[in-house]
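Fold and geometry: a report
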Amino acid sequence: MIDGPYFVLTLLGVLGTGLVAGVFCGFSTFVMRGLAALPPAQGVAAMNAINVAAVTPAFMLVFAGSAVLCAVIAVVTFLLWPDDGKVELLLGSALYLFGSFGVTVVANVPRNNTLGELDPGTPEAASYWPTYVRQWTVWNHVRTIASAAAAVVYVLALT
């Protein structure tokens with residue numbers, strides 16, 4: 001069984017990845033549906049405001065901090081830890097780093113940037129909005145599942 005500082009690192013990994021999974025789950029299950037129900041100009045304006053508000057120290061500490069923590073767990077696991085829990089810890093780290101953080105960087109943020117460049121009241125924004133909602137939400141589902149799976153796999157490493 002994992003103990004000492006390794007236990008604390010893993011427990012923090014469970015907490016961080018689980019918190020991020022919860023945020024993403026909220027977006028996948030009701031926030032995006034609510035925004036999609038708005039007229040396009042209002043939906044675009046609201047999502048752009050959310051995207052600006054999301055980049056706060058509190059959220060970034062949890063989101064990016066969890067990525068750093070997962071990377072540390074992976075390196076420590078690969079270099080130092082015994083076989084007990086090793087596969088689970090490496091898998092949990094990979095799920096979060098690639099399925100959550102990586103997908104955010106390559107799929108969600110570029111869509112956010114494209115949306116942010118559009119004036120909400122324009123025909124271009126109205127045309128892009130349904131595509132944005134559909135594609136962004138699909139990738140957000142991936143992030144949700146990857147973050148939740150990382151938390152579960154980290155918990156399994158503790159047992």
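Presented here is an overview of the structure given in this document. Being a predicted model, the structure only gives us computed values, none of them experimental.

What follows is about the overall build of the protein. Broken down by element type, the protein carries five helices and zero strands. Each helix and strand of the protein, ordered N terminal to C terminal, gives the series α-α-α-α-α. Its C-alpha atoms give the protein principal-axis dimensions of roughly 60 × 25 × 20 Å. Put simply, the protein has 159 residues, and 40% of those count as buried. Taking as baseline every contact in the protein between residues at least 6 positions apart, the subset at least 24 positions apart corresponds to 80%.

Turning to the packing of helix 1 (residues 4-36) against helix 2 (residues 40-54), a few remarks are in order. Packed helices, taken two at a time, are described by the angle their axes make and the gap between the axes. Their axes nearest at 9 Å, the elements helix 1 and helix 2 cross at an angle of 135 degrees. Relative to helix 2, helix 1 is oriented oblique. In this structure, helix 1 uses Phe27, Val31, Met32 and Leu35 to contact helix 2, whose residues at the interface are Gly43, Ala46, Met47 and Ile50. Classifying every residue of the contact of helix 1 with helix 2 by side-chain character gives seven nonpolar, one polar and no charged.

Between its first and last C-alpha atoms helix 3 (residues 57-79) spans 31 Å; for 23 residues at 1.5 Å apiece the expected length is 33 Å, and the two agree. Maximal helix bending in helix 3 amounts to about 25 degrees, located at Gly65. Contact partners of the buried residues in helix 3: helix 1, helix 4 (86-116) and helix 5 (123-158).

The subject of this paragraph is the packing of helix 2 against helix 4. Put simply, helix 2 and helix 4 touch, their axes get as near as 10 Å, and they point 125 degrees apart. As summarised for this structure, helix 2 and helix 4 are arranged oblique, according to the angle between their axes. For the pair helix 2 and helix 4, the crossing hand works out as left-handed. Listed contacts from helix 4 to Val44, Met47, Asn48 and Asn51 of helix 2 are Asn112, Leu115 and Gly116. Split into classes, the residues belonging to the contact of helix 2 with helix 4 amount to three nonpolar, four polar and no charged.

Okay, the side chain of Thr144 next. As for its placement among the helices and strands, Thr144 is situated in helix 5. In terms of polar contacts, Thr144 uses its side chain to reach the backbone carbonyl oxygen of Asn140, at 2.8 Å. When sequence neighbours within four positions are dropped, the list of residues in contact with Thr144 reads Ala21, Phe24, Cys25 and Ser28.

Turning next to the packing of aromatic side chains. Here the distance between the centres and the angle between the planes together describe a pair of aromatic rings. Going through the model one piece at a time under the given rule, you end up with eight aromatic pairs. Ring centres of Tyr128 and Tyr132 lie 5.9 Å apart, and the angle between their planes is 55 degrees; on these two criteria the pair is classed as tilted. Of this pair, Tyr128 and Tyr132 both sit in helix 5, four residues apart, roughly one helical turn. What makes Tyr132 buried here is its relative accessible area of 0%. For the pair Trp129 and Tyr132, a centre-to-centre distance of 5.7 Å together with 15 degrees between the ring planes defines the contact as stacked. Residue Trp129 and its partner Tyr132 are both found in helix 5; the two are separated by three residues, about one turn of the helix.

What counts, and where the lines are drawn
Residues numbered from 1 in each chain as written. Predicted model: local features only at pLDDT ≥ 70, side-chain atom pairs only at ≥ 80, totals over all residues. Heavy atoms only, no water. Helix = DSSP H or I, 4+ residues; strand = E, 2+ residues; numbered from the N terminus. Buried < 20%, exposed > 50% of the residue type's maximum accessible area, 1.4 Å probe, protein only. Contact = heavy atoms within 4.5 Å. Axes fitted to C-alpha atoms, helices over the stretch in contact; angles between N-to-C directions. Parallel < 35°, antiparallel > 145°, perpendicular 65-115°, else oblique. Nonpolar A, V, L, I, M, F, W, Y, C, P; charged D, E, K, R; others polar. Expected span 1.5 Å × (residues − 1). Bend = angle between axes of the 7 residues up to and from the residue. Left-handed = near helix turned anticlockwise from the far one by under 90°. Polar contact = N/O pair within 3.5 Å; in protein donor to acceptor, adjacent residues only side chain to side chain. Phe/Tyr/Trp six-rings, centres within 6.5 Å; stacked < 30°, edge-to-face > 60°.

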